[in-house]
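# A closer look at the structure
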Amino acid sequence: MDTILEVRNLTKRFHGLQAIDRVTFTLERNQILGLIGPNGAGKTTLVSLVSGTLQPTEGSVLFEGKPIHRLAGFRRALLGIARTFQVMRPFPGLTVLDNVAVGALFGAAGSARQLAAARENANRWLHFVGLDHRARQRADALGGPDRKRLELAKALAMRPKLLLLDEVMAGLNPVEIEEVITVIKKVRDQGISIVVIEHVMKAIQSLSDRLLVLHHGEKIAEGKPEEVLRNDQVIAAYLGSKRR
Amino acid sequence: MKPALKFASAALVVGVFATVPLWGSAVLVQFGINALILATLAQSWNIIGGYTGYPSFGNSVFYGLGGYGVAIAMVQYHLSFALGLILGATLAVLFAFLIGLPVLRLRGHYFAIATLGLAEVMTAIVSNLEIAGRNIGLILPLAKGDALFFELSLALVVVTTLTVAWISRSRFGFGLIAIRENEEAAAVMGVNTTLYKVLAFALCSVFSAVAGGIHAYWITYLDPGSAFDVALNVQMIIMAVFGGPGTIFGPILGAFALSAISEILASKITSLASIFFGVVIVVAIVFMPRGFADLIQNFRRLGWRYFQENLKAHRV
């Protein structure tokens, strides 16, 4: 198969804290990788190292075979990597439509470079995530679930090849979660490879082709969802070790 | 309003303005030149402060460099005024790149404080330069008539405003706005934040420098203290914020409104003028914190409630 993302021995230290410790994994094109682990395991840090929000201490990240771990964040965006933020970062003073238009104006090479075309593009992505009825409102007028949708639309408008989703379902109700799962599957069907961080187990199980489990910055398991979730080490990390 | 209608009415206003030197009194024309130069400064501050969200206190340095470019070219090398403007603008752009690269890494208050020091540093440097006349300054050749300076200043405001209008609808401008709204998110979406910020700084330096050059030739005298005056920088910020930062016409409206108010106050009640001027600004900030442009946009819809809403929103 065709590998889109390869992470080798990736390490990130914040002063004394080992946030990510020699993590290695690969993601095949058009696949969904679920990234799970307890709070503080280093999931968001790992995504930030791939998206360029943070620079690694050691190790390498290869995107379509080329090393990218020394590139600035915006260059990785132009190559085709998009991410969402767990703590949403809309452009508060802009309309919802223009928030997404920024993604179309910039983002991966080949996106719309003219404002009119970018807004047209943005409209389509807002429709795609079910937010078109709020296009003309300011982004800071949106509530939690709609902000999650906006994060997703902004990332999609960049026309990425690799999409990194950091807890886009947190705080949503079961119906909304179903909607987002449908959207993510539709995104994958367009040929986009995806890394999903999620705490909603049912969602991650139904979405992921493979799962990767982080604990204290280390990879403790990787494989098919059903196998990984039976793994004793994983159960121990999530529920505490079994009593003897 | 339709864009075409907006453009036509703006062109009409500029056309009427252009005739002022034909019928206006000398006082009116001189007031006009000052107001137009301040409008240019407020408008160019708008690029870095209003659109990009970096409240620069270093724009008076660009203004001063523009003045010195003209003065040095004309006095020391007997070059033309136009070449002097080019020299001044070049100096300002070089300075913007040189200082912008390190200083634009700072955000918010830190950026403001770092740029605040620049004017003092430049005053000290220029005061010791033989070519710039040290702390005595330079006396420029006498120019002919106020009408020319009025038209030049008007043309400069128009060019600056057209540039801002372009920014507000271009990819470049959306990059700047994205930086203002959330710099980290902008970078992740593919905006080359360092490059965009420095370009914005350089762009606003050009217009400020040309304004400084025109002013220096008009006044025919230049010294370090008045060229790099931080108070002027404060003035352009107040005008831009009063009018509405991050809007196309706000800073222009702000510059004219505040110039007129301070002129009227100064002629009617000379000694207390600055106190009343301060009161006007405080009242404006309390009742219309997003500026004049925002007031015009929302007053028709909300009426007097607009002021109430602002009071409530800011818990005054």
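See the structure shown above.
This section reports on the structure supplied with the text. (Residues numbered from 1 in each chain as written. Chains lettered and ligands numbered in written order. Predicted model: local features only at pLDDT ≥ 70, side-chain atom pairs only at ≥ 80, totals over all residues.)

## Let's talk about the sheet that holds strand β5 (residues 66–67) of chain A
Residues and elements named next belong to chain A. Here we have 4 strands laid out as an open sheet, ordered β2-β1-β4-β5, and antiparallel in their pairing. Two strands close off the open sheet at either side, each with one partner strand: β2 (17–28) and β5. Here strand β4 (residues 58–63) pairs with β5 via 2 bridges, running antiparallel. Bridge pairing in β5 links L62 to P67. Taken strand by strand, helix α1 (residues 43–51) contacts β1 (3–14), β2 and β4, and its axis lies near 65 degrees from that of β2. (Pairing = 2+ DSSP bridges. Helix = DSSP H or I, 4+ residues; strand = E, 2+ residues; numbered from the N terminus. Contact = placed C-beta atoms within 7 Å. Axes fitted to C-alpha atoms, helices over the stretch in contact; angles between N-to-C directions.)

## Some words on the environment of A:A203
Residues and elements named next belong to chain A. By secondary structure assignment, the location of A203 is in helix α7 (residues 201–207). Separated by 19 residues in sequence, A203 and E222 have C-alpha atoms that sit 17 Å apart. Beyond its immediate sequence surroundings of up to four residues, A203 is in contact with M169, I177, I181 and E198.

## Remarks on the interface of chain B and chain A
Facing 18 residues of chain B, the contacting portion of chain A comprises 21 residues. Of all elements in the fold, only α8 (171–181) and α9 (183–188) of chain B reach the threshold of two or more residues within the side of chain B that touches chain A. Looking at the side of chain B that touches chain A residue by residue, the classes come out as 8 nonpolar, 6 polar and 4 charged. (Nonpolar A, V, L, I, M, F, W, Y, C, P; charged D, E, K, R; others polar.)

## As for helix α3 (residues 26–51) of chain B
Residue and element names in this part refer to chain B. Its 26 residues place the ends of α3 36 Å apart at the C-alpha level, agreeing with the 38 Å of an ideal helix rising 1.5 Å per residue. The largest bend in α3 is about 40 degrees, located at W45. Once α3 finishes, G53 follows within two positions and takes phi at roughly 80 degrees, a positive value. (Expected span 1.5 Å × (residues − 1). Bend = angle between axes of the 7 residues up to and from the residue.)

## Here we look at the sheet that holds strand β7 (residues 162–166) of chain A
Residues and elements named next belong to chain A. Pairing is mixed across the open sheet formed by 6 strands, whose spatial order is β6-β7-β8-β3-β9-β10. A strand with exactly one partner marks an edge of an open sheet, and here the two such strands are β6 (81–83) and β10 (218–223). Shown here is a sheet whose adjacent strand axes are inclined to one another by a mean of 15 degrees, direction ignored. Taken together, the 5 bridges between β7 and strand β8 (residues 193–197) define a ladder with parallel strand orientation. By the bridge assignment for β8, L162 is matched with S193.

## Points about the environment of A:A19
Residue and element names in this part refer to chain A. Here A19 shows up in strand β2. The class of A19 is buried, set by 20 C-beta atoms lying within 10 Å. For A19 and A41, which are 22 residues apart along the polypeptide, the C-alpha to C-alpha distance reads 7.6 Å. (Buried ≥ 20, exposed ≤ 12 C-beta atoms within 10 Å, placed from the backbone.)

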